[in-house]
Amino acid sequence: MITLALDFETANERRDSACAVGLAWIADGRVVRRESHLIRPPEMRFSPGNIRVHGILPSNVAGEPGFAEVMAPYLADLAGGVILAHNATFDLGVLRAGLGRAGLPVPDFSYLCTVQVARRVFPAPEGCGLGKVARRLGITFEHHDAGEDAYACARIALAAMGETGAADVRGLAAAIGVPVTAVPGESARPAPGRGGISGRAMAAFAPTSASLSFQMRGSTGNRYTVTLEERTSGAVLRCTCMAGRFGQRCRHVKALEVGDVTDLLSDNTSDLATLATRLVRVA
C-alpha cells in the first residue's frame, strides 16, 4: 500500500491557485522519498496574506510549469494509496480544484487527516496545528514550505503509528477510530477558455435544498453553527456567532474554508470533502 503525505500552498483564496506542492512517501516505518515543486497558478494573482504565510512571489513561479504538468507524475501514487495531509480537506480541495481547472479527470482518492490523528493520539490544550504538534514531538522543519510541511505531516503519522503500535496508516486509523475517507472522483470537464463551463460546474451554482452544517467551538467555549448556503452566485458559509450575524466572515467560517478542523465539534468530518468541492469557484 502506497502512503504519502501531501501539502499545497496557494497564491490566493481560490483552491485552484496552487503555487507549490510537497510530497513525502512512507514505507518501512520511515520517510523514504521527498519531492517539492513550485507551480505557476492559472492566474498570477497573489494575495498579500498568502505571500506573508509562504513567502512565494509571482516572480518565483513565472517560469514554472502549471498544475497538471507538475502533478501528472504523482497521480497514480495518490489515487492508488492513502494520502496523509494536515487539514486534509484543504489539500484535497486544492488537488481536485487544480485538476478540474485544467479540465482533467479527478480520480478517486482515500485520505487520513493528521489533524484528526493528532487530536486523538497527541492532544494538548494549545491545539493540533502542524507547527504545534511537530514542536511537541521534536520534529524540526520549516513551516509553510510545502515540501517541509509534507515531511512533518508524514513524521506525525509515523509517530502516531509508533505510539499505537499500528503497522500502517489503515491500522492506525482503525486503532484510533478515525476512518480513512474515500473521496469520489469526477469526470473531465472543459478547462476555462476551452468550451465554457461544464454541466457539473453549472450545477454547483444552482440553488439546492441540500445543506451542510458544522458545529464549531468559540474562543470562550460557546458552540456555534456554520451552515453552507448555496446561491446562484456561489456557495457561502454563514455562522451564528455575533460576527457572522452581522454578515462578516468570522474565524469559524475562515477555518472551515481552509479545512482547519481544530475547533470542529460535530462528528461530520466526512462532510468537509463535500464542502471543499462546493466552495470551489468556477471561472
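Residues numbered from 1 in each chain as written. Predicted model: local features only at pLDDT ≥ 70, side-chain atom pairs only at ≥ 80, totals over all residues. Heavy atoms only, no water.

Undergrad: Would you mind going over the overall build of the protein with me for this structure?
TA: Counting its secondary structure elements, the protein contains 13 helices and 9 strands. Across the protein, every contact between residues at least 6 apart in sequence was considered, and the portion connecting residues at least 24 apart equals 62%. Counting every atom, the protein has about 12,600 Å² of accessible surface; 50% of that belongs to carbon and sulfur. (Helix = DSSP H or I, 4+ residues; strand = E, 2+ residues; numbered from the N terminus. Contact = heavy atoms within 4.5 Å. Areas by Shrake-Rupley, 256 points an atom, 1.4 Å probe, with all protein chains shown as cover.)

Undergrad: Help me out: how do you make sense of helix α7 (residues 130-137) in this one?
TA: Because each turn of an α-helix spans 3.6 residues, side chains separated by three or four positions in sequence point in the same direction. Of the positions making up α7, those classed as buried are Leu-130, Gly-131, Val-133 and Ala-134. Relative to the axis of α7, the buried residues are bounded by an arc of 165° and lie together on one face. On its buried face, α7 sits against α6 (114-121) and α8 (146-164). At the exit of α7 stands Gly-138, carrying a positive phi of roughly 75°. (Buried < 20%, exposed > 50% of the residue type's maximum accessible area, 1.4 Å probe, protein only. Arc of directions from axis to C-beta.)

Undergrad: Help me understand the sheet that holds strand β3 (residues 30-38) in this model?
TA: Hydrogen bonding along the main chain pairs the strands of a sheet, whether they run parallel or antiparallel. What the 6 strands build is an open sheet, ordered β3-β2-β1-β4-β5-β6; its pairing is mixed. Each of the sheet's edge strands pairs with one partner strand only, and the pair in question is β3 and β6 (181-183). Between one strand and the next, the sheet's axes are offset by a mean angle of 30°, whatever the strand orientation. The pairing of strand β1 (residues 3-10) with strand β4 (residues 82-85) spans 3 bridges and is classified as parallel. Residue pairing in the sheet places Ala-5 in a bridge with Leu-84 of β4. Packing of helix α5 (residues 88-101) onto the sheet brings it into contact with β1, β2 (18-27), β4, β5 (109-113) and β6, and relative to β1 it is tilted by some 75°. (Pairing = 2+ DSSP bridges. Axes fitted to C-alpha atoms, helices over the stretch in contact; angles between N-to-C directions.)

Undergrad: It is not clear to me how the pattern of salt bridges should be interpreted in this structure. Could you clarify?
TA: Pairing is possible between side chains that carry opposite charge, provided their charged atoms lie close to one another. For the structure on display, the rule yields 11 salt bridges. A salt bridge links Arg-249 to Glu-257; the nearest nitrogen and oxygen atoms lie 2.4 Å apart. With a shortest N-O distance of 3.3 Å, Arg-251 and Asp-263 are connected by a salt bridge. Separated by 12 residues along the polypeptide, Arg-251 in helix α12 (residues 251-257) and Asp-263 in the loop between α12 and α13 (271-278) bring together distant segments of the chain. Sharing partners across several salt bridges, the network here consists of Arg-14, Asp-16, Glu-43 and Arg-101. (Salt bridge = Lys/Arg side-chain N within 4 Å of Asp/Glu carboxyl O.)

Undergrad: Looking at this structure, I do not really get the environment of Thr-262. What am I missing?
TA: Examined against the element boundaries, Thr-262 turns out to sit in the loop between α12 and α13. The exposure class assigned to Thr-262 is partly exposed, which follows from its relative accessible area of 21%.

Undergrad: Help me out: how do you make sense of the nonpolar core in this one?
TA: Soluble globular proteins tend to bury their nonpolar side chains together. Among the nonpolar cores identified, the biggest contains 48 residues, and Phe-8, Phe-67, Leu-78, Leu-95 and Leu-275 are the most heavily contacted of them. Of all the elements, α5 adds the most residues to this core, at 6 residues. Contact partners of Leu-78, with chain neighbours within four places excluded, come to Leu-4, Leu-6, Leu-23, Met-71, Ile-83, Leu-95 and Phe-109. Counting 24 residues, the second-largest nonpolar core is a separate cluster that includes Val-117, Tyr-151, Cys-153 and Leu-172. (Core = buried A, V, L, I, M, F, W, Y, C linked by side-chain atoms within 4.5 Å.)

Undergrad: Looking at this model, I keep getting lost on the packing of α7 against α8. Mind explaining?
TA: Two measures define how a pair of helices packs: the angle their axes make with one another and the distance between the axes. Interhelical geometry of α7 versus α8 gives an angle of 55° and a closest axis separation of 10 Å. Compared by their axis directions, α7 and α8 come out oblique. Handedness of the crossing formed by α7 with α8: left-handed. Contacts between α7 and α8 involve Leu-130, Val-133, Ala-134 and Leu-137 from the first element and Asp-149, Ala-152, Cys-153, Ile-156 and Ala-159 from the second. When its residues are assigned to classes, the contact of α7 with α8 shows 8 nonpolar, no polar and 1 charged. (Parallel < 35°, antiparallel > 145°, perpendicular 65-115°, else oblique. Left-handed = near helix turned anticlockwise from the far one by under 90°. Nonpolar A, V, L, I, M, F, W, Y, C, P; charged D, E, K, R; others polar.)

Undergrad: Teacher, can you tell me more about the pairing of β1 here?
TA: Here is the key point about a regular strand: its side chains alternate between the two faces of the sheet. Summarising burial for β1: 8 of the 8 residues are buried, a large majority. Burial along β1 is two-sided: Thr-3, Ala-5, Asp-7 and Glu-9 facing one way and Leu-4, Leu-6, Phe-8 and Thr-10 facing the other are all buried. Here β1 runs beside β2; their pairing, made up of 8 bridges, is antiparallel. By the bridge assignment, Asp-7 is partnered in β2 with Gly-22.

Undergrad: Got a minute to help me understand the pairing of β3 in this structure?
TA: Inspection of the sheet shows β2 paired to β3 by 8 bridges, in the antiparallel sense. Looking across to β3, one finds that Trp-25 is bridged to Arg-33. From the end of β2 to the start of β3, which pair antiparallel, there are 2 residues, and Asp-28 there has a positive phi angle of about 55°.

Undergrad: What exactly am I supposed to notice about the packing of aromatic side chains here?
TA: Centre-to-centre distance and the angle between the planes together describe a pair of aromatic rings. On inspection of all chains with the given rule, the structure shows 2 aromatic pairs. Taking the centre distance of 5.7 Å and the plane angle of 25° together, the rings of Phe-8 and Phe-67 count as stacked. Taken together, the residues Phe-8 in strand β1 and Phe-67 in helix α3 (residues 67-71) connect sequence positions 59 residues apart. Here Phe-67 falls in the buried class, since its relative accessible area comes to 10%. With 5.9 Å between their ring centres and 55° between their planes, Trp-25 and Tyr-74 make a pair best called tilted. One end of the pair, Trp-25, is in strand β2; the other, Tyr-74, is in the loop between α3 and α4 (75-80), with 49 residues separating them in the sequence. Take Tyr-74: its relative accessible area is 5%, and that puts it in the buried class. The side chain of Arg-33 reaches across the aromatic face of Trp-25, ending 4.0 Å from its centre. The ring of Tyr-151 has Arg-34 lying over it, and the distance from NZ or CZ to the ring centre is 4.1 Å. (Phe/Tyr/Trp six-rings, centres within 6.5 Å; stacked < 30°, edge-to-face > 60°. Lys NZ or Arg CZ within 6 Å of the ring centre and 35° of its normal.)

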